[in-house]
Amino acid sequence: MALDYFLKDLTSVLESELSGTSQEVVAALLYSPVKYDVKSLNKAFEDQDYDTIVSIIIAKYNKTLDDELSTLPDKDLTHVLVSLLNVDRSSAKKKADKMAAKERATLLFNDGDILSLLCEPKTLDAFLKLHRVNIGQFVEEKCSTLSKLAQDTLKDCVLLIENPPRYFAKELAKADEQKILRIIVSRSEIDLYYIKKEFLSLYSKQLHDVIDKHCPMTMLNC
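Residues numbered from 1 in each chain as written. Predicted model: local features only at pLDDT ≥ 70, side-chain atom pairs only at ≥ 80, totals over all residues. Heavy atoms only, no water.

## Section: the nonpolar core
Next up, step 1: Formed by 53 residues in total, the largest nonpolar core has its most connected members in Ile53, Leu69, Leu81, Leu118, Leu154 and Leu172.
Next up, step 2: Beyond its immediate stretch of four places on either side in the chain, Leu118 contacts Leu124, Ile135, Phe138, Val139, Cys143, Leu154, Cys157, Val158 and Ile161. (Core = buried A, V, L, I, M, F, W, Y, C linked by side-chain atoms within 4.5 Å. Buried < 20%, exposed > 50% of the residue type's maximum accessible area, 1.4 Å probe, protein only. Contact = heavy atoms within 4.5 Å.)

Now the structure itself:
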């Protein structure tokens, strides 16, 4: 309670002393990465900001969002995101049973349940080791009845499972100022160092140089 009161009071002080981007950056840093993601997600639902909704959900898999997702106009996208929310991750930190994952991957593929295959990280990892496929072409071929937005979400999900830093590096390359702030804050305690390395590898540019160029001021010393 004391900490909450302190943060509330500090936020009020900062709001009175700062403005614009400076205020947004400092206010964001008062939140934990998880709480800032929740705050960003709430705003994204209000604004119908698909990119932010998709990015946060496929990275965090919050199981309490079914009602909010049902309001999205793109029902294919809703179906994909709800499928991601319902994946059982209770044993995510335990050593995966590789044989069971291979068997399930084969079963889902043979049954044509491509959505489940793509939404279950351990199963997808096993499938990709069994079948060297171009995932973009695979999604377009096997999920051709889904909307383009839903297909793109599945491709993003696969990239996030395979290489999280690369996924976020690509997101940063196309992000606006607000999304750059969200990604850097939310990943700062997780893998920001590796995201910067991936960004340099992909675009031959330093991430902080790109931020300096595209934002009115240096948002964060990343």
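Once the structure has been displayed, the description carries forward.
## Structural notes on the packing of helix 11 (residues 148-162) against helix 12 (residues 164-173)
Next up, step 1: Two numbers describe how helix 11 lies on helix 12: the axes approach to 5 Å, and their chain directions differ by 130°. Judged on the interaxial angle alone, helix 12 and helix 11 are oblique. On helix 12, the residues touching Asp156, Leu159, Leu160, Ile161 and Glu162 of helix 11 are Pro164, Arg166, Tyr167, Phe168, Lys170 and Glu171. (Axes fitted to C-alpha atoms, helices over the stretch in contact; angles between N-to-C directions. Helix = DSSP H or I, 4+ residues; strand = E, 2+ residues; numbered from the N terminus. Parallel < 35°, antiparallel > 145°, perpendicular 65-115°, else oblique.)

## Concerning the side chain of Gln151
Next up, step 1: On the secondary structure map, Gln151 appears in helix 11.
Next up, step 2: On the accessibility criterion, Gln151 (11% relative accessible area) is buried.
Next up, step 3: Aside from chain neighbours lying at most four places away, what touches Gln151 is Val139, Glu140, Cys143, Ser144 and Leu146.

## Digging into helix 14 (residues 192-203)
Next up, step 1: With 12 residues, helix 14 extends 16 Å between its outermost C-alpha atoms, agreeing within 8% with the 16 Å of an ideal straight helix rising 1.5 Å per residue.
Next up, step 2: Those residues of helix 14 lying buried are Leu192, Ile195, Glu198 and Phe199. Each buried residue of helix 14 sits inside an arc of 110° when the element is viewed along its axis, so together they form one side. Along helix 14, the residues that are exposed and aim more than 90 degrees away from the buried face are Tyr193 and Ser201. (Expected span 1.5 Å × (residues − 1). Arc of directions from axis to C-beta.)

## Focus: the packing of aromatic side chains
Next up, step 1: For the structure shown, the criterion picks out 6 aromatic pairs.
Next up, step 2: Ring geometry for Phe109 against Phe127: centres 5.4 Å apart, planes inclined by 40°, an arrangement best described as tilted. Here Phe127 lies in helix 9 (residues 121-130) and Phe109 lies in helix 7 (residues 98-111), a separation of 18 residues in the sequence.
Next up, step 3: Among the residues examined, Phe127 registers a relative accessible area of 1% and is labelled buried.
Next up, step 4: Between the aromatic rings of Phe199 and Tyr203, the centroid separation amounts to 4.9 Å while the plane-to-plane angle is 55°, which identifies the pairing as tilted. One end of the pair is Phe199 and the other is Tyr203, both in helix 14 and 4 residues apart, which spans about a single turn.
Next up, step 5: By relative accessible area, Tyr203 is classed as partly exposed at 33%.
Next up, step 6: Grouping aromatic residues by their ring pairs yields a cluster made of Phe109, Phe127 and Phe138. (Phe/Tyr/Trp six-rings, centres within 6.5 Å; stacked < 30°, edge-to-face > 60°.)

## So, the side chain of Glu171
Next up, step 1: The residue Glu171 is located in helix 12 in this model.
Next up, step 2: If sequence neighbours within four positions are ignored, Glu171 has contacts with Ser55, Asp156 and Ile183.

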